[in-house]
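What follows is each chain in one-letter form.
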Amino acid sequence: MTTSGLSRRARSAAGGAMVDHLVMHSSVAVAWFRRDLRVVDNPALLAALASAGAVVPLFVRDPSILGGSRASDRRNAWLEAALASLDADLRTLGGRLVVREGDPREVVPELAREVGASMVHAQRDYTPFARSRDAAVADAVDLRLHQGLLLAEPEEIGDVKVFAAFHRRFAAGPLRAPLPAPDRVVAPDGVAGIPPDTAPAAGALEASTAAALARLHAFAARADRYATDRDRLDVDGSSRLSVHLHFGTVSPAMVAAEVEDDAFRRQLAWRDWAHHLVWWRPEAVGAAWREDLRDLRWDDDPALFSAWAEGRTGYPVVDAAMRQLAAEGFMPNRARMIAASFLAKDLFLDWREGERHFLRQLLDGDVAANAMGWQWVAGVGTDAAPYFRVFNPVLQGRRFDPAGTWVRRWVPEIAELPAAHVHAPWQAPGGPPRGYPPPIVDHAQARARAIARYLGRER
Ligand SMILES: Cc1cc2nc3c(=O)[nH]c(=O)nc-3n(C[C@H](O)[C@H](O)[C@H](O)COP(=O)(O)OP(=O)(O)OC[C@H]3O[C@@H](n4cnc5c(N)ncnc54)[C@H](O)[C@@H]3O)c2cc1C
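Residues numbered from 1 in each chain as written. Predicted model: local features only at pLDDT ≥ 70, side-chain atom pairs only at ≥ 80, totals over all residues.

### Let's talk about the pairing of strand E4 (residues 117–123)
- For E4, the buried fraction is high: 6 of the 7 residues fall into the buried class.
- Pairing analysis gives 5 bridges linking strand E1 (residues 28–33) to E4, with the strands arranged parallel. Each bridged residue has a counterpart across the sheet, and for Val28 the counterpart in E4 is Ala117.
- Running through helix H5 (residues 128–140), the crossover from E4 to the neighbouring parallel element strand E5 (residues 143–146) is right-handed. (Buried ≥ 20, exposed ≤ 12 C-beta atoms within 10 Å, placed from the backbone. Helix = DSSP H or I, 4+ residues; strand = E, 2+ residues; numbered from the N terminus. Pairing = 2+ DSSP bridges. Right-handed = clockwise from strand over helix to strand, strands pointing away.)

### A closer look at the sheet that holds E4
- The 5 strands are arranged E3-E2-E1-E4-E5 in an open sheet whose pairing can be described as parallel. The sheet is open, and its two borders are formed by strand E3 (98–101) and E5, each paired with just one other strand. On average, each strand axis in the sheet is inclined to that of its neighbour by 30°, with strand direction left out of account.
- In terms of strand pairing, strand E2 (residues 54–61) meets E3 through 4 bridges, oriented parallel. The partner of Leu58 across the bridge, within E3, is Val98. (Axes fitted to C-alpha atoms, helices over the stretch in contact; angles between N-to-C directions.)

### So, the nonpolar core
- Core analysis: the largest hydrophobic core is formed by 76 residues, its most contacted members being Ala321, Ile338, Ala339 and Leu343.
- Looking at which element gives the most residues to this core, the answer is helix H18 (residues 367–378), with 9 residues.
- Aside from chain neighbours lying at most four places away, what touches Leu343 is Trp308, Leu349, Trp351 and Gly354.
- Grouped together as the second largest cluster of nonpolar side chains are 55 residues, Val39, Ala54, Leu90 and Val243 included. (Core = buried A, V, L, I, M, F, W, Y, C linked by C-beta atoms within 7 Å. Contact = placed C-beta atoms within 7 Å.)

### Description of the confidence of the model for the protein
- Looking at the protein, the pLDDT average stands at 91 and 92% of residues meet or exceed 70.
- Between residues 1–24, whose pLDDT stays under 50, and residues either more than four places distant or in other chains, the model counts 49 contacts. (pLDDT = per-residue confidence, 0-100.)

### Description of helix H1 (residues 43–51)
- Within H1, 8 of the 9 residues are buried, leaving the element largely enclosed by the surrounding structure.
- Along H1, the positions that sit buried rather than exposed are Pro43, Ala44, Leu45, Leu46, Ala47, Ala48, Leu49 and Ser51.
- Next to the buried residues of H1 lie E1, E2, E4 and E5.

### Some thoughts on the site of the ligand
- For the ligand, the set of nearby residues contains 28 residues, the closest of which are Ser238, Ser239, Ser242, Asn370 and Gly373.
- Residue assignment for the shell around the ligand shows that the elements contributing at least two residues are helix H11 (242–247), helix H13 (262–280), helix H16 (333–346) and H18.
- Lining the shell around the ligand are residues from two domains, each supplying at least three of them: domain 2 (150–176 + 210–280) and domain 3 (291–458). (Near = placed C-beta within 6 Å. Domains from an automatic or database assignment.)

### What to know about the packing of helix H15 (residues 316–328) against helix H19 (residues 393–400)
- At a minimum axis separation of 8 Å, H15 and H19 run at an interaxial angle of 75°. With respect to H19, the element H15 is oriented roughly perpendicular. On H19, the residues that touch Pro316, Val317 and Val318 of H15 are Pro393, Gln396 and Gly397.
- Across the contact of H15 with H19, the residue classes break down as 4 nonpolar, 2 polar and no charged. (Parallel < 35°, antiparallel > 145°, perpendicular 65-115°, else oblique. Nonpolar A, V, L, I, M, F, W, Y, C, P; charged D, E, K, R; others polar.)

Spelled out as structure tokens, the structure:
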């Protein structure tokens, strides 16, 4: 699909006054970058170039996202670095990125008027926030939305309730071949913008398409081990492309074209599904998908929550997960499931608090994927893990980090324990080492209590 039929044509800004000092082009379009911070495989950028003689590449820093309650300094720094790199990539093509700040509902129409743009092209997004923003912008300008964030559009698959059915349809569909970068970006001169922040620290973040491609190629060479290694905590078995996919320094089509492994493509399908779920059920962002479980009463215990968030639960696998999150803004998928299960089921604290904490900490923090992950673990989502599936932190540790290499790295207090005790330090002769706490809850008791609470609600 080139231009999406979903875009809402409205009052056109075409014919708005051209600022005198702009080079006159027969027509101007705006390429509004959001989560597609790349020049390769960018359908919105290509459509903008095809639609007009000159294109203004635009990014709008929206304070309601960058400074909102779910914002993250770490993610903001990554974004700034990615903008600097996008700007550099656009300059090699003859253009440059115009960065403005404010509410896109005002900034985008203002810029379109300023440069006399008849159309604004952008990549389609699926969250409730993005949809309402785009609908408001489309009331003021001719906004054309394009695919690119996902491998399949919600309308191509339909509203299905279980992942297996979704995956059957997803896997049967064609894969879109990635599009090349444009040869040239002809941009009008004299459009003012704030230069991207090129603080030296940002450069270290590898926030660029070049860095994403280097990571992708390195991963493709070992992707045949993905199915066996992806759950291992002590092995670098997954791609770690999530932040790139989140901000679009690489597209899922570029990734899928490079990695044919079925197990890996299945995870890309989960990513699509998370976005489809928020598209079909926007009301379920921040609330349980299962309406019958929306009034489940969670405990409220700030001290327990802090012990979880700071990695002081006494369960090394949970503590390692939370400490890695704090240190790196990343956590392997298996660790996310274990840590989330511990909060929701062992501590019976509101999963939405955990969801917010993850969003504030994760570099790849993503409203759709994070909400789906938490709801799946807490057993309140569509097609979720059943309430009686409670991850056992000791058995999970022994299975996915058998020698304890990963927990020793993140929890140095237990580094000297032998493998037999490293996932259950309280069982070591003499108890847990000095400085490391005993378990804050007894897993077996907590599990029984959680199941009873779910059952009580279900009756
Ligand atoms: C509680 C919880 C919260 C999560 N929060 C997020 C989040 O905020 N942002 C995020 O991108 N992912 C989230 N995930 C999904 C998953 O954990 C990460 O995408 C994955 O760990 C990223 O590592 P990777 O790039 O090495 O993944 P790989 O295993 O290499 O997978 C490749 C890509 O597929 C996608 N993907 C993989 N697994 C999933 C999944 N289960 N759901 C959705 N997409 C997936 C990601 O884009 C990932 O980069 C969450 C999972 C759980 C259980």
